[in-house]
Amino acid sequence: MLARPGPHGPVIHDMNAAAAALGMTRGARVTDMRTLVPDLRVEDAEERLDHADLARLSHWCRRWCPWTRTDGTDGLMLDTTGADHLWGGEAALVADMRRAFTQLGLTVRIAIAPTVGSAWAFARHGREKVEICPPDRLAARLGSLPVAALRLDGNTVLLLERLGFRTITALAEVPRAAMARRFRHGTPLPANPLARLDQVMGRTTEPLVAAAITEPLRSLRTLAEPVTEPDSFTHVLGHLMLDLATQMEARNIGARCLRFTGFRVDGGVSAIQVATSRPSREPEHLAKLFENKIETLDPGFGFEAMVLDVIDGQDLALSQADLSGETDTGVALSRLIDRLIARLGRQSVLRPLGHGSHVPERAEILVPADTEMPSPAGSMAAEAAESPPPYRPLRLLSQPEEVEVLHAIPDGPPARFIWRRQTHRVVRSGGPERIAPEWWREKSIVRLRDYYNVEDSAGRRYWIYREGVAGDGRGGNPHWFMHGLDA
Amino acid sequence: MNARYRTSVLSLVPERLQTSDPPSAAEDQRDSDLSDAPDIQPPPLPGKPQLVELFADSRDGGAVGFALAQIPRAQSILWVQDRMCAQEMGQPHGRALARFGGDPDRLILACARHAGDVLWTMEEGLACPTLGAVIGEIWGEPKALDFTATKRLALRAERTGIAVFLIRFGAATASASVARRRWRVTSTASAPHPHDPRAPGEPRWRTELFRARDARPGTWEGGYDHAAHRLHLAAPLRDPALAATALRREGDG
């Protein structure tokens, strides 16, 4: 069962057949339903993703006819006029659709009818799973359907039912003038049964407007002879990149992710992919990102065609370099980040990001450098300006290392410690800075830490901490750890 | 050599002489020290950005502070480490960068697998004109770090005007290199803490310039002046007792 947030806690968005059999209804509160069925499994609904999936499905439906669009949150509309004979008639077309959707694991109700409204009515309120309605039988077949089949909103349906109109026939028999007096001309469509009736019967036209599919940004080159040399790939890439850059410029788009694909003679495919930290359509810069990867293309017996396409793009307006020819500072830096990521990998090019925590290793996390910069208020400089920052060492060990420490009992500063099998005699020490564990995040056995910044007899500075205090009831004697080195 | 450093040193040395009042024998000793010491000369910090190589012990983070003190304030920094350096010496902590005039929001940290990648990344960084500095850390003496690699770095750094610091942790010997300055940096006792006599204060380093293209090698004592964002180098005092006194007085003042 899927839940979405409602005004008073989560409500049921949708459910499977088993839940429906148990008496769950859409829009009911999850807490109410839990009292009926205690072991209800609830997941969050992702309406945005559902809608995106439906849009993709509607694109996929263009295999049958070119005009398709989504309808509401759970329907697809196809204008099959002039396309059905290609599939051997309407019955064969419907059979093919059922087969294809069943293969996708989806259950469908399909109706073919002369108007958009009547197809909608048959698909949602018809008695059969598949209905094909020829034009001459439209009025007769529609007549027995309930008024809800007219694509009216809930209030209007309720009103009509209270007035005694159960079926479309009942509604159609009312004199037009009487209806027009009740539902005036300007009433919006979902609340106007008369206008809807006209649409269903085909008295007013309702064209099916297909959503426009944006052309993919892609550049293709078929080669006269199969190529196997990385040098020639680079050469082809250069040509494709120029072409693609022109296309991108025409549409004011910059690439965030590009794929370079080679189609082999034996039918195989080999592809490489690069990403940028900010949209770009500079041919030289983008070509440079591919530089180290081009050898990983596996040509086999040679590529006979190569394609470069933009997998992910972002709006990028035309920009003009200033007269002095200086490049924008941000651009130069993001290009550098792109090049480093292309070679070292995204997880190896990082930037520190402040994080709301007191524990030193969590107070600052390293994120990939191409992630969006936080707002200025969230940056570490702004944070430091608010309060004088506590002492932190220049380098933090990724894993604190245990040290043996000689110190005054019970909780004096360290006097001598052994780190990595060498003894350091502490000359001066500052602190302690006590950092309590984050009880809302960690287990109750985690102990507090007392941090000391110490200097040994050679002048080397370290940041070490004692975990816990003697007798805190969270373990035996406290242990000491080395956590950082300072300049 | 840079005139700014000249004034700073000359003003530092007499102050020490005035404030200490040791017996006259020590006075003579110091005079002779000053006269024959090769160290009293303007600190050999490069006037323009170039490749500087720093050698440091594998337990000592001092070289990092020495490098950061020479980087222009609040500039983008590309910091590259090989795997061993990140593991043994830890990763840079952004929050502490502010103590050396750095801006943690403008730090890019690259983790390279081996020295070859470190050198490649440093070279790429030098192609980006908006970087303030490039810091590379290499552990030990890898094969990739040869004469040619350093020469490429040195020439690029001079062409683009970006300061490059190559920090060598745990290198036993200094292999052939074109670095314009080669320093050996070790931490020494820090300056007294202004409020807490038992706590370490501003860091200080003992810096030995053992090879330079256009300066005389020597040994200096380095410190960082946060207010002026400047590295100041001074000749170390020879007499240990005197050095201790001077240090104490400085702390009182």
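Residues numbered from 1 in each chain as written. Chains lettered and ligands numbered in written order. Predicted model: local features only at pLDDT ≥ 70, side-chain atom pairs only at ≥ 80, totals over all residues.

Let's talk about the overall build of chain A
Across its full length, chain A holds 15 helices and 19 strands. Per-residue burial over chain A gives 28% buried out of 487 residues. A separation of at least 24 residues holds for 51% of the contacts in chain A among residues at least 6 apart in sequence. (Helix = DSSP H or I, 4+ residues; strand = E, 2+ residues; numbered from the N terminus. Buried ≥ 20, exposed ≤ 12 C-beta atoms within 10 Å, placed from the backbone. Contact = placed C-beta atoms within 7 Å.)

Examining the overall build of chain B
Helix and strand counts for chain B stand at eight helices and 10 strands. Counting every position in chain B, which comprises 253 residues, the buried fraction comes to 45%. A fraction of 73% describes how many contacts in chain B between residues 6 or more apart in sequence connect residues 24 or more apart.

Quick notes on the environment of Leu336 of chain A
The topology assignment puts Leu336 of chain A in helix α13 (residues 329-344). In this structure, the C-alpha to C-alpha distance between Leu336 of chain A and Thr276 of chain A, residues 60 residues apart in sequence, is 10.0 Å.

Things to note about the sheet that holds strand β12 (residues 349-354) of chain A
What the 11 strands build is an open sheet, ordered β13(A)-β12(A)-β4(B)-β2(B)-β5(B)-β6(B)-β1(B)-β7(B)-β8(B)-β9(B)-β10(B); its pairing is mixed. Looking at strand neighbours, the two that pair on one side only are β13 (364-368) of chain A together with β10 (230-234) of chain B, the edges of this open sheet. The sheet shows a mean angle of 30° between the axes of neighbouring strands, taken without regard to direction. Of the pairings in the sheet, the one linking strand β1 (residues 51-56) of chain B to strand β6 (residues 163-169) of chain B comprises six bridges and is parallel in character. Bridge assignment links Leu51 of chain B to a residue of β6 of chain B, and that residue is Val164 of chain B. (Pairing = 2+ DSSP bridges. Axes fitted to C-alpha atoms, helices over the stretch in contact; angles between N-to-C directions.)

Overview of the confidence of the model for chain B
Residue and element names in this part refer to chain B. A residue-level look at chain B finds 77% of positions with pLDDT of 70 or above and a mean pLDDT of 79. Across residues 1-39, confidence stays below pLDDT 50; counting only partners more than four residues off in sequence or on other chains, it has 35 contacts. In the model output, the complex is listed with pTM 0.64 alongside ipTM 0.79. (pLDDT = per-residue confidence, 0-100.)

Some thoughts on the interface of chain A and chain B
With 42 residues of chain A at the contact, the number on the chain B side is 43 residues. Among the elements of the structure, α13, β12, β13, α15 (380-386), β14 (395-407), β16 (422-435), β17 (449-456) and β19 (479-486) of chain A are those that each provide at least two residues to the side of chain A that touches chain B. The dominant element in the side of chain A that touches chain B, judged by the number of residues it contributes, is α13 of chain A, at nine residues. Per-class residue counts for the side of chain A that touches chain B are 22 nonpolar, nine polar and 11 charged. (Nonpolar A, V, L, I, M, F, W, Y, C, P; charged D, E, K, R; others polar.)

Here's the deal with the sheet that holds strand β3 (residues 43-44) of chain A
Residue and element names in this part refer to chain A. With mixed pairing, the three strands of this open sheet are ordered in space as β2-β1-β3. Every other strand in the sheet has two partners, leaving β2 (9-14) and β3 as the edge strands with one partner each. As judged from the five bridges shared by strand β1 (residues 2-6) and β2, these two strands associate in the antiparallel manner. Counted as the bridge partner of Pro5 is Pro10 from β2.

Comments concerning the environment of Arg56 of chain A
Residues and elements named next belong to chain A. Within the fold, Arg56 resides in helix α3 (residues 47-60). The exposed category is assigned to Arg56, around which 11 C-beta atoms lie within 10 Å. Between the alpha carbons of Arg56 and Arg69 there is a distance of 9.9 Å; along the sequence they are 13 residues apart.

Some thoughts on the pairing of β14 of chain A
A regular strand places its side chains so that they alternate between the two faces of the sheet. Where β14 of chain A meets strand β3 (residues 91-92) of chain B, two bridges bridge the pair, whose relative direction is antiparallel. By the bridge assignment, Arg395 of chain A is partnered in β3 of chain B with Pro92 of chain B. Examined bridge by bridge, β14 of chain A and β19 of chain A share five bridges and lie antiparallel to one another. The residue bridging Glu401 of chain A from the neighbouring strand is Met482 of chain A, located in β19 of chain A. Counting the residues in the hairpin turn of β14 of chain A and strand β15 (residues 414-419) of chain A gives six residues.

Remarks on the packing of helix α5 (residues 116-125) of chain A against helix α10 (residues 193-201) of chain A
All names here are of chain A. Look at α5 against α10: their axes get within 6 Å of each other, and the N-to-C directions meet at 95°. As far as their axial angle goes, α10 and α5 are roughly perpendicular. Across the interface between the two elements, Gly117, Ser118 and Ala121 of α5 pack against Arg196, Gln199 and Val200 of α10. Of the residues contributing to the contact of α5 with α10, the split by class is two nonpolar, three polar and one charged. (Parallel < 35°, antiparallel > 145°, perpendicular 65-115°, else oblique.)

Some points on the nonpolar core
Counting 89 residues, the largest nonpolar core has Leu54, Ala67, Ala110, Val164, Phe165 and Ile167 of chain B as the members making the most contacts within it. Both of domain 3 (218-319 + 328-340) and domain 5 (395-486) of chain A provide at least three residues apiece to this core. For Ile167 of chain B, the contacting residues outside a window of four places in its chain are Leu54, Ala56, Ala63, Val64, Ala67, Ile135, Gly136 and Glu137 of chain B. Formed by 23 residues, the second largest nonpolar core is a distinct cluster that contains Met97, Ala119, Leu160 and Ile168 of chain A. (Core = buried A, V, L, I, M, F, W, Y, C linked by C-beta atoms within 7 Å. Domains from an automatic or database assignment.)

Some details on the packing of helix α6 (residues 115-126) of chain B against helix α7 (residues 147-160) of chain B
Residue and element names in this part refer to chain B. In the contact formed by α6 and α7, the axes pass within 9 Å of each other and the chain directions differ by 15°. For the element pair α6 / α7, the angle class is roughly parallel. The handedness of the crossing between α6 and α7 is left-handed. Facing α6, whose interface residues are Leu119, Met122, Glu123 and Leu126, α7 presents Ala149, Arg152, Leu153, Arg156, Ala157 and Thr160. The residue makeup of the contact of α6 with α7, split by class, is six nonpolar, one polar and three charged. (Left-handed = near helix turned anticlockwise from the far one by under 90°.)

Notes on helix α4 (residues 90-103) of chain A
Residue and element names in this part refer to chain A. Compared with an ideal rise of 1.5 Å per residue, which puts 14 residues at 20 Å, α4 spans 20 Å between its outermost C-alpha atoms and is within 8% of the ideal. Those residues of α4 that fall on the buried side of the exposure criterion are Leu93, Val94 and Met97. Angular distribution of buried residues about the axis of α4 spans 95°; they occupy a single face of the element. Turned more than 90 degrees from where α4 packs its buried face, Arg99, Thr102 and Gln103 sit exposed. Those residues of α4 hidden inside the fold are in contact with β6 (110-112) and β7 (130-132). (Expected span 1.5 Å × (residues − 1). Arc of directions from axis to C-beta.)

Examining unusual backbone geometry
All names here are of chain A. Unlike most non-glycine residues, Arg151 shows phi in positive territory, near 60°. Unlike most non-glycine residues, Arg421 shows phi in positive territory, near 65°. Mapped onto the fold, Arg421 is located in the loop between β15 and β16.

Considering the pairing of strand β11 (residues 303-315) of chain A
Residue and element names in this part refer to chain A. Here strand β8 (residues 218-227) pairs with β11 via six bridges, running antiparallel. Following the sheet pairing, Ser219 is matched in β11 by Leu308. In this structure, strand β9 (residues 253-264) lies alongside β11, joined through 11 bridges in antiparallel fashion. Bridge pairing in β11 places Phe260 opposite Leu308.

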